[in-house]
Amino acid sequence: KKHRIMATFTLVLDTRVKKKNDQYNLSIRVINGSEQIYLNISKMTIEKYNHIFVKRSMDKFSIGLRESCNESLSKCERIFLGMKPFDKTRFRKLFFEQEQEEFNSLLLSDLFDRFIKNYTSIKIQTQKHFKYSKSVFETFSPGISVLEVTPVFINRFVKERKESGISQSAIDSTLRDLRRIVNYFTDEDCILPSTYKYPFGKGGYSIQNFFPRKLVMSNAEIKSVIDFTGFKTKQERYARDIWEILYRCNGINFVDLLRMRWDHIQGDYLVFFRKKTETTRRNNKKEIVVPLTEELKKLIEGVGVKDSPYILGMLKEGYEETMFSNKNQKWKKKINKRLDAVSKSLNLSIPLRIKNARDSYATTLNRAGVSKDKIGEMLGHSNSIVTEHYLASIDMETTFDINKHLL
């Protein structure tokens, strides 16, 4: 009677080829007679492998990974027993059909990639932001698994980023992306093991709502920008006019002007939704209503392209979001570069940029005594809390008025 020869399945760190950041493939080596294959399930350094599998560290991550690897070895045995005759290609296919998501997706970088791929409704710019956040965490801790994302890890990340000169708002921004990834794979695409301890919120790390204070131009400086005529090129004049249009259009973002259409003009008003809010789930989305003053009409006539449905004439009907995103970034960079020349000519206290047209608009109203509720309405804020923080951050020059009373 013939007995079937059993294959052997061994977990090994395959040191034949070094990967990035001194890592190697963590693999299951399958030997069946003269046939041998390696099934790569993760990547790690020699030091990490020794810590987890040789010294058998008793921290939660190490225990969880060893348990997962043992389950994978058992699955290899089940696949082999159900396969007659043995076929390397089919064995590999069956293994990764069952194991790929369980192991590869435990790497934080893989989770970011999977989220971006699966969550098709997120905007192009949001995708770019998640890709940036992924690179930040991968640079900070190469090859990190999501199981290693603990409150201790997050606190160390925050501390070291601060020490390297990164602002709190930038740190919080990347942490919000990390939290979204953890939430997604906990509640929607349920990959994370039930033993995983959630690292945010109560008992974990709390991301604060941080509104950085900004310096803004004085009223006299804003007026000097509007009245400026000493342009060296037509491009400088165009850049200043774009800035002033943003300022007079309730401080909208350039992205909204780029896609603004002639048919948004309704009588004596411009009426439109901000791009930032177009995919919001709120039921109370607010239209931005801009009064078409004589100054604004003149500016639009000056930069407008009449044979295009879009006021700036930079888009065509049916444009793709990727093209729109690229054009937005390209033109913002161009305009900001030309605004630099205006800043230097006027010797402004802060550099003139597209983004501070919004600050300047809100500042002008606030200094004139317009109520916070009305300012928020014009800015398109969803609630007064946002406006409260916004105005608190931009009106810093009042500190001089307060402290002038000091002896």
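In case you missed it, the structure is sitting above this.
Okay, so let's go over this structure. All values derive from a computational prediction rather than experimental measurement.

## Some words on the environment of lysine 404
Working step 1: Within the element layout of this structure, lysine 404 appears in the segment after helix H16 (398-403).
Working step 2: On the basis of relative accessible area, lysine 404 is assigned to the exposed category, the value being 58%.
Working step 3: Residues lysine 404 and arginine 179 lie 225 residues apart in sequence; the distance between their C-alpha atoms is 44 Å.

## Details of the packing of aromatic side chains
Working step 1: Going through the model one piece at a time under the given rule, you end up with 20 aromatic pairs.
Working step 2: An angle of 45° between the planes, with centres 4.9 Å apart, marks the rings of phenylalanine 115 and phenylalanine 130 as tilted. One end of the pair, phenylalanine 115, is in helix H4 (residues 108-118); the other, phenylalanine 130, is in helix H5 (residues 124-140), with 15 residues separating them in the sequence.
Working step 3: You can call phenylalanine 115 buried: its relative accessible area is 1%.
Working step 4: Measuring from ring centre to ring centre gives 5.1 Å for phenylalanine 140 and phenylalanine 157, while their planes differ by 85°; the resulting arrangement is edge-to-face. Of this pair, phenylalanine 140 sits in helix H5 while phenylalanine 157 sits in helix H6 (residues 151-163), and the two are 17 residues apart along the sequence.

## Re the layout of surface pockets
It is the rolling of a water-molecule-sized probe over the atoms that shows where space remains empty.
Working step 1: The space that makes up the second largest pocket amounts to roughly 500 Å³.
Working step 2: Lys60, Leu147, Pro193, Thr195 and Tyr196 are, among the 22 residues lining the second largest pocket, the residues nearest its centre.
Working step 3: A breakdown of the residues in the lining of the second largest pocket according to their chemical character gives twelve nonpolar, five polar and five charged.

## Some points on the sheet that holds strand S4 (residues 265-266)
Hydrogen bonding along the main chain pairs the strands of a sheet, whether they run parallel or antiparallel.
Working step 1: Spatial strand order, S4-S5-S6: three strands in an open sheet with antiparallel pairing. The sheet is open, and its two borders are formed by S4 and strand S6 (288-291), each paired with just one other strand.
Working step 2: As judged from the four bridges shared by strand S5 (residues 269-272) and S6, these two strands associate in the antiparallel manner. Bridging from a neighbouring strand, valine 271 pairs with valine 289 of S6.

## Some words on unusual backbone geometry
Working step 1: The omega torsion of the bond from lysine 84 to proline 85 falls at -5°, within 30 degrees of zero and hence cis.
Working step 2: Mapped onto the elements, proline 85 comes out in the loop between helix H2 (60-81) and helix H3 (88-104).
Working step 3: The residue asparagine 250 is not glycine, and still its phi comes out positive at about 60°.
Working step 4: Its place among the elements puts asparagine 250 in the loop between helix H9 (234-248) and helix H10 (254-258).
Working step 5: With a phi close to 55°, asparagine 347 is a non-glycine residue in the positive phi region.
Working step 6: Of note, asparagine 347 is situated in the loop between helix H12 (321-346) and helix H13 (356-367).
Working step 7: By relative accessible area, which is 66% here, asparagine 347 ends up exposed.

## Here we look at the nonpolar core
Working step 1: Of all hydrophobic cores here, the largest spans 58 residues; its most connected members are Ile28, Phe91 and Leu175.
Working step 2: Those residues in contact with isoleucine 28, other than ones at most four positions away along the chain, are Phe9, Thr10, Leu11, Ile37, Tyr38, Leu39, Ile41, Ser72, Leu73, Cys76 and Phe95.
Working step 3: Core analysis: the next-biggest nonpolar cluster, separate from the first, contains 49 residues, Cys249, Leu270, Ile311 and Leu339 among them.

## Some points on empty space enclosed by the protein
Working step 1: Under the defined criterion, the tally for this structure stands at two cavities of 30 Å³ or more.
Working step 2: By volume, the largest cavity amounts to about 100 Å³.
Working step 3: Forming the walls of the largest cavity are 13 residues, and the residues nearest its centre are Ser42, Phe61, Leu65, Leu107 and Ser145.
Working step 4: In terms of residues, the lining of the largest cavity owes the most to one element, strand S3 (residues 35-45), which gives three residues.
Working step 5: Residue composition of the lining of the largest cavity, grouped by class: seven nonpolar, three polar and three charged.

## Points about the pairing of strand S1 (residues 8-14)
Working step 1: Counted residue by residue, S1 has five buried out of seven residues, so it is predominantly covered.
Working step 2: Where S1 lies against strand S2 (residues 23-32), seven bridges are found, and the strand directions are antiparallel. Paired with threonine 8 across the bridge in S2 is isoleucine 31.

## Here's the deal with the state of the cysteines
Working step 1: Counted under the stated rule, the structure contains zero disulfides.
Working step 2: The structure places no disulfide on cysteine 69, whose sulfur is separated from the nearest cysteine sulfur, that of cysteine 76, by 11 Å.
Working step 3: The exposure class of cysteine 69 is buried, given its relative accessible area of 1%.

## What about the sheet that holds S2?
Working step 1: Strand order in the open sheet formed by three strands is S1-S2-S3, with antiparallel pairing between adjacent strands. Because the sheet does not close on itself, it has two edges, and the strands there are S1 and S3. Taken pair by pair, the neighbouring strands of this sheet meet at an average axis angle of 20°, ignoring direction.
Working step 2: With ten bridges connecting them, S2 and S3 associate as antiparallel partners. In the strand pairing of S3, serine 27 is matched with asparagine 40.
Working step 3: Its contacts with the sheet put helix H1 (residues 46-54) on S1, S2 and S3, and the angle it makes with S3 is roughly 100°.
Working step 4: Along the sheet, H2 contacts S1, S2 and S3; its crossing angle with S1, the most-contacted strand, is approximately 140°.

## Concerning the packing of H5 against helix H7 (residues 168-187)
Working step 1: Packing of H5 against H7 brings their axes to within 9 Å, and their N-to-C directions diverge by 95°. If you check the angle between H5 and H7, you find them roughly perpendicular. Where H5 abuts H7, its residues His129, Phe130, Tyr132, Ser133, Val136 and Phe137 lie against Ser173, Thr174, Leu175, Asp177, Leu178, Arg180 and Ile181.
Working step 2: In terms of residue class, the contact of H5 with H7 is made up of seven nonpolar, four polar and two charged.

Scoring rules and cut-offs
Residues numbered from 1 in each chain as written. Predicted model: local features only at pLDDT ≥ 70, side-chain atom pairs only at ≥ 80, totals over all residues. Heavy atoms only, no water. Helix = DSSP H or I, 4+ residues; strand = E, 2+ residues; numbered from the N terminus. Buried < 20%, exposed > 50% of the residue type's maximum accessible area, 1.4 Å probe, protein only. Phe/Tyr/Trp six-rings, centres within 6.5 Å; stacked < 30°, edge-to-face > 60°. 1 Å grid on protein atoms, 1.4 Å probe; cavity = no way out; pocket = protein on both sides within 12 Å on 5 of 7 lines; lining within 4 Å. Points joined across faces, edges and corners; volume = space filled by probe spheres on them. Nonpolar A, V, L, I, M, F, W, Y, C, P; charged D, E, K, R; others polar. Pairing = 2+ DSSP bridges. Core = buried A, V, L, I, M, F, W, Y, C linked by side-chain atoms within 4.5 Å. Contact = heavy atoms within 4.5 Å. Disulfide = S-S within 2.5 Å. Axes fitted to C-alpha atoms, helices over the stretch in contact; angles between N-to-C directions. Parallel < 35°, antiparallel > 145°, perpendicular 65-115°, else oblique.

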